[in-house]
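Tertiary structure, described
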Amino acid sequence: MNRDFLDHEIIEKDMDSLYIGNLNTVEYDLVLPERGMYGSKIIWKSGHDRFLSDDGKVTRPAYGMGDRTIPLYATFLYGNAKKTKTYEVRILEKKNQLQVSNVYPVRITAGVSELAELPQVAIVERSDGNLIPYPVEWEKGSRVFFRAPGMYKAHGTLADTELSVEAEITVLKELPEKYLNPLPEVTECSEADIRLIEGSLFHNSQQNMLLYLLNVDDDQMLYNFRTASGIDTRGAMPMDGWDAPDSQLRGHTTGHYLSSLALCYHSTGDHKIKEKAVYMVQSLGECQEAFSNMPDIKDGFLSGYSEEQFDLLEEYTKYPVIWAPYYTLHKILAGLLDCYHYIRSEKALVIADRLGMWVWRRLSGLSREHLTKMWSMYIAGEFGGMNAVMVALFRITGKEEYLKCAGLFDNDKLFYPLEQRVDALCTMHANQHIPQVLGAMELFKATGIKKYYEMSEFFWQTVVSSHCYANGGTGEGEMFHESGKIGALLNKDTAETCASYNMLKLTKELYQFSPKAYYMDYYERTLYNHILATRDQRVTGESTYFLPLGPGGKREFLFENNCCHGTGMESRFRYREGIYFFDRKGSIYVNLFIPSEMHWKEQDVLIRQYTDRRFPECISLYVEGSGLNTIKIRRPCWARRYRILVDKQEMDIVPDENGYIIISHDFSQGITVQLEFSYEFQLIRTPDEPEKAAVQYGPYLMAVLSEQKDFIRFSFNESDVADKMQATEDPLRFLCEDYTFVPLCEVGMNAYHAYFISTPGRGNIKQNMETS
């Protein structure tokens, strides 16, 4: 008998005889044998090692995250035969084991004879000292109304417990002023023609993405929409990964693609890119029209699937049965509005307007309690920046329904602790909630209601000071953790790229209302050391999902149309956004030192900015324009010393209270400003484990190229790190104790270390991020 036949037969017997337990309700580690009963060698591979490792170790999802079904692949080998079997492992979420040490009273202020709402959550202190928001069931409902001033109380219990909650309601004849002036102090130079200059990492990265977009199959990007609406797919191949025909998130990448095309055209002026965007918009309009003619589909609907997921969300169906339908909808709406703004597509606005009204009609019929419960659900209730795009539609169309609709996305789980100025972010999904704060900023800009601004600013300060790694990234395993817990969370699942993408957008918004240099210090840190560091240098369009900050990590590109691939397509064309701003007094702010040219015809302003990698400390600015009287240049926090020359004349200028070097001059004939900002070594220590530190040199976080899996120990500390770094011919590469340090954004496909063990020395010890 054929030997290969016997080998296959043995494998089949081993497959049939192998039993690894009840895989429908897994709570404990699996025992995965290395050999079958008849002698086959078995190699195991998990489809998601965050919840199930290759050796069978189980990590159950936290309470509220929902059960997870993980594919587990067993490859059987015997002789010349090989075969793989897939097991579906359903891992149960942890039970609610809330251990409470304190339930804080809920406090609100209301006006006499005004209907007020109690928040749907209370702030709870767990037995481990961490604060979290927790759902409340109020005895008499959440609406309160009082006819006389005074102090009132309401009572309730924490959901699914017998623990009491008390609300303290202060009723006043006159409420404190609740509005702020929503007029920004500075504004982006968005109407100016800003181009990156060849030669920098930023320009190379942008051009690679341009080449990638030119080669994307537009019909494939439309596949899910055409299939769902019953239109011919024109022979296109189906999407894959998160956009595969059986994925519940299908359509999200198409929304990002629309935005990236629009932003690319805005940043490069490439007309082929504009043609692709016009085709996409026209085709999506055809899909929307086809949907409107389908039975049981409401007018205006547009997505890569039917309305079913929205129906299921309203029934509180958990992830992964459904997957964030309003998140995907936000990407589609944002992409359409970007096409309206940047390629002047009126058709895109028409589609977005019809879709926006579909959202309003659907949500306006639901109670606040119903909406709050939906939005608080892990992943299933994730809605991206739906509140932000609703405000954008209000600004464009003037329809009050959109402003009301934006308010329907207010999420007590996030907003109430922020209003109380309490850090209760622990256990929250980072990128599920950062865009919601962006929406709060948009609501402030549209209404002037100051609580939206104040909670946004407090959120930013909290994340940057207590939840960020040295590279500006936030979140481990996508989640916020305990305040100040950084050193204990250094592994391969750190710093989700989407989270930083949205933190940069929030930083830019807050900066415009308070133009202080520390906002742009964070912006620069995160742009250089996270966003730029995530790119694939090849023309693949890929970005990392996580940026590993544990020892011996390697950047990984997943090619699965995930969320970070989507924001990564956009980010390459957003490099220009933080460089230049202007104020109403005619001043231009220079915030980022990226080789670029800004030509603003309407204001008669021209600025050219040059840097040279061979001399990274030196920056040259050519400034010309009759519409300009002052330039303000950010003095970066990392530069202890600086030197300024205006037309070769050295100037003694002290930065102002906001951190800017101010040069007032007659720019009509043009001047040259030369800047020298000192690059020096600094250590950034983790607050929870101060023996762990990262090394910063100028704006760059430095990494050691090494595959070692344990933290590398260095003998330097704050007092002598500069002395122990040996320069090389490359001004941004150094040798130290037989290791090579390079900027994190230049590690390529090498394994690296971003944090090290270094015993704290005397001197200024810098812990984590500085915000002021």
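As shown above, the structure is provided for reference.
Bear in mind the structure is a predicted one, so any value in this text is a computation, not a measurement.

1. Some thoughts on the overall build of the protein chain
- Helix and strand counts for the protein chain stand at 19 helices and 32 strands.
- Its C-alpha atoms give the protein chain a radius of gyration of 28 Å, within 12% of the compact-globule value 28 Å for 772 residues.
- Structurally, the protein chain occupies a C-alpha span of about 90 × 75 × 60 Å along its principal axes.
- Buried positions account for 59% of the 772 residues belonging to the protein chain.
- Considering only contacts in the protein chain between residues 6 or more positions apart, those separated by 24 or more positions represent 70%.

2. Structural notes on the pairing of strand β29 (residues 739–743)
- Taken together, the three bridges between strand β26 (residues 700–705) and β29 define a ladder with antiparallel strand orientation. The residue bridging Val704 from the neighbouring strand is Phe741, located in β29.

3. Brief notes about the packing of helix α2 (residues 201–214) against helix α5 (residues 252–268)
- In the contact formed by α2 and α5, the axes pass within 11 Å of each other and the chain directions differ by 125 degrees. In terms of axis orientation, α2 runs oblique to α5. Crossing angle aside, the handedness with which α2 passes α5 is left-handed. Taken together, the residues of α5 that come into contact with α2 (itself represented by Gln206, Gln207, Leu210 and Leu213) are Tyr257, Ser260, Leu261, Cys264, Ser267 and Thr268.

4. Structural notes on the pattern of salt bridges
- Scanning all chains against the criterion turns up 42 salt bridges.
- The shortest N-O distance in the salt bridge between Glu27 and Arg60 comes to 3.3 Å. Pair noted here: Glu27 is in the loop between α1 (3–17) and β1 (41–46) and Arg60 is in the loop between β1 and β2 (68–78), with a separation of 33 residues, a long-range link.
- A salt bridge links Glu117 to Arg143; the shortest N-O distance between them is 3.1 Å. In this pair, Glu117 is assigned in strand β6 (residues 116–117) and Arg143 in strand β9 (residues 143–144), connecting sequence segments 26 residues apart.
- Assessed through its relative accessible area of 54%, Arg143 is described here as exposed.
- Members of the salt-bridge network, linked through shared partners, are Glu188, Lys508, Glu570, Arg574 and Glu577.

5. Some remarks on the sheet that holds strand β14 (residues 580–583)
- Taken together, the five strands give an open sheet; going across it, the order is β12-β14-β15-β19-β22, and neighbouring strands pair in mixed fashion. Looking at the sheet topology across the chains shown, the edges are occupied by β12 (186–188) and β22 (660–664). Averaged over all pairs of adjacent strands, the angle between their axes in this sheet comes to 25 degrees, without regard to strand direction.
- Packed on one face of the sheet, helix α16 (residues 497–513) meets β12, β14, β15 (587–590) and β22 and runs near 145 degrees to β12.
- Packed onto the sheet, helix α17 (residues 517–531) meets β14, β19 (630–634) and β22 and runs at close to 55 degrees relative to β19.

6. A short note on unusual backbone geometry
- Cis peptide bonds are those with omega within 30 degrees of zero, and the linkage from Tyr319 to Pro320 qualifies with 10 degrees.
- Structurally, the position occupied by Pro320 is in the loop between α7 (308–313) and α8 (325–342).
- Look at Tyr316: it is not a glycine, yet its phi comes out positive at around 65 degrees.
- Judged by its relative accessible area of 27%, Tyr316 falls in the partly exposed class.
- Positive phi, close to 75 degrees, is recorded for Lys648, a residue that is not glycine.
- Here Lys648 shows up in the loop between β20 (642–646) and β21 (649–651).
- Judged by relative accessible area, Lys648 falls into the exposed class, the value being 70%.

7. Observations regarding the environment of Pro33
- Along the chain, Pro33 falls in the loop between α1 and β1.
- On the basis of relative accessibility, which here comes to 24%, the residue Pro33 falls in the partly exposed class.
- For Pro33, the contacting residues outside a window of four places in its chain are Leu18, Ile20, Ile42 and Trp44.

8. Here we look at the packing of aromatic side chains
- Under the counting rule described, the total for this entry stands at 45 aromatic pairs.
- Arranged with centres 4.9 Å apart and planes meeting at 80 degrees, the rings of Phe681 and Phe734 form a pair that is edge-to-face. With a gap of 53 residues between them, Phe681 in strand β24 (residues 681–685) and Phe734 in strand β28 (residues 734–736) connect regions that are remote in the sequence. You'll find Phe681 and Phe734 in the same group, each marked buried.
- A centroid spacing of 4.9 Å and a plane angle of 75 degrees characterise the contact between Tyr697 and Phe734, whose relative ring orientation is edge-to-face. One end of the pair, Tyr697, is in strand β25 (residues 692–697); the other, Phe734, is in strand β28, with 37 residues separating them in the sequence. Taken individually, Tyr697 and Phe734 each receive the classification buried, so the pair is uniform in this respect.
- A network of ring pairs unites the aromatic residues Phe291, Phe301, Tyr305, Phe310, Tyr326, Trp358, Trp375, Phe383 and Phe409 as a single cluster.
- If you follow Lys331 out to its NZ or CZ, it ends over the ring of Tyr327, 4.2 Å from the centre.
- Against the face of Tyr316 rests Lys373, its NZ or CZ located 4.2 Å from the ring centre.

9. With respect to the environment of Gln669
- By secondary structure assignment, the location of Gln669 is in the loop between β22 and β23 (671–677).
- C-alpha separation for the pair Gln669 and Ser626, spaced 43 residues apart in sequence, amounts to 8.3 Å.
- Those residues in contact with Gln669 that lie beyond four places of it in its chain are Tyr622 and Glu624.

10. Comments concerning the sheet that holds strand β10 (residues 150–158)
- Spatial ordering of the open sheet is given by β4-β7-β8-β10-β11-β5, a layout of six strands whose pairing is mixed. Of all strands in the sheet, those with a lone pairing partner are β4 (100–103) and β5 (106–111), marking the two edges. On average, each strand axis in the sheet is inclined to that of its neighbour by 45 degrees, with strand direction left out of account.
- As defined by bridge partners, β5 adjoins strand β11 (residues 164–172) across six bridges and the pair is classed as parallel. Residue pairing for β11: Ala110 is matched across the bridge by Val171.
- Together, β5, β7 (121–126) and β8 (131–138) form the strand contacts of helix α13 (residues 412–419), whose direction differs from that of β7 by roughly 75 degrees.

11. Quick look at the state of the cysteines
- By the definition in use, this model includes zero disulfides.
- A disulfide-free cysteine, Cys498 has its sulfur positioned 3.5 Å from the sulfur of Cys564, the nearest such atom.
- Accessibility expressed as a relative area gives 1% for Cys498, which makes it buried.

12. A few points about helix α11 (residues 386–397)
- Taking 1.5 Å of rise per residue, 12 residues should cover 16 Å, and α11 covers 16 Å from first to last C-alpha, within 8% of that figure.
- Three or more residues of α11 are buried, namely Met386, Asn387, Ala388, Val389, Met390, Val391, Leu393 and Phe394.
- One or two steps after α11, the chain reaches Gly398, where phi turns positive at roughly 75 degrees.

What counts as what
Residues numbered from 1 in each chain as written. Predicted model: local features only at pLDDT ≥ 70, side-chain atom pairs only at ≥ 80, totals over all residues. Heavy atoms only, no water. Helix = DSSP H or I, 4+ residues; strand = E, 2+ residues; numbered from the N terminus. Rg over C-alpha atoms; globule rule 2.2 N^0.38 Å. Buried < 20%, exposed > 50% of the residue type's maximum accessible area, 1.4 Å probe, protein only. Contact = heavy atoms within 4.5 Å. Pairing = 2+ DSSP bridges. Axes fitted to C-alpha atoms, helices over the stretch in contact; angles between N-to-C directions. Parallel < 35°, antiparallel > 145°, perpendicular 65-115°, else oblique. Left-handed = near helix turned anticlockwise from the far one by under 90°. Salt bridge = Lys/Arg side-chain N within 4 Å of Asp/Glu carboxyl O. Phe/Tyr/Trp six-rings, centres within 6.5 Å; stacked < 30°, edge-to-face > 60°. Lys NZ or Arg CZ within 6 Å of the ring centre and 35° of its normal. Disulfide = S-S within 2.5 Å. Expected span 1.5 Å × (residues − 1).

The values reported here are purely geometric and, on their own, carry no functional implication.
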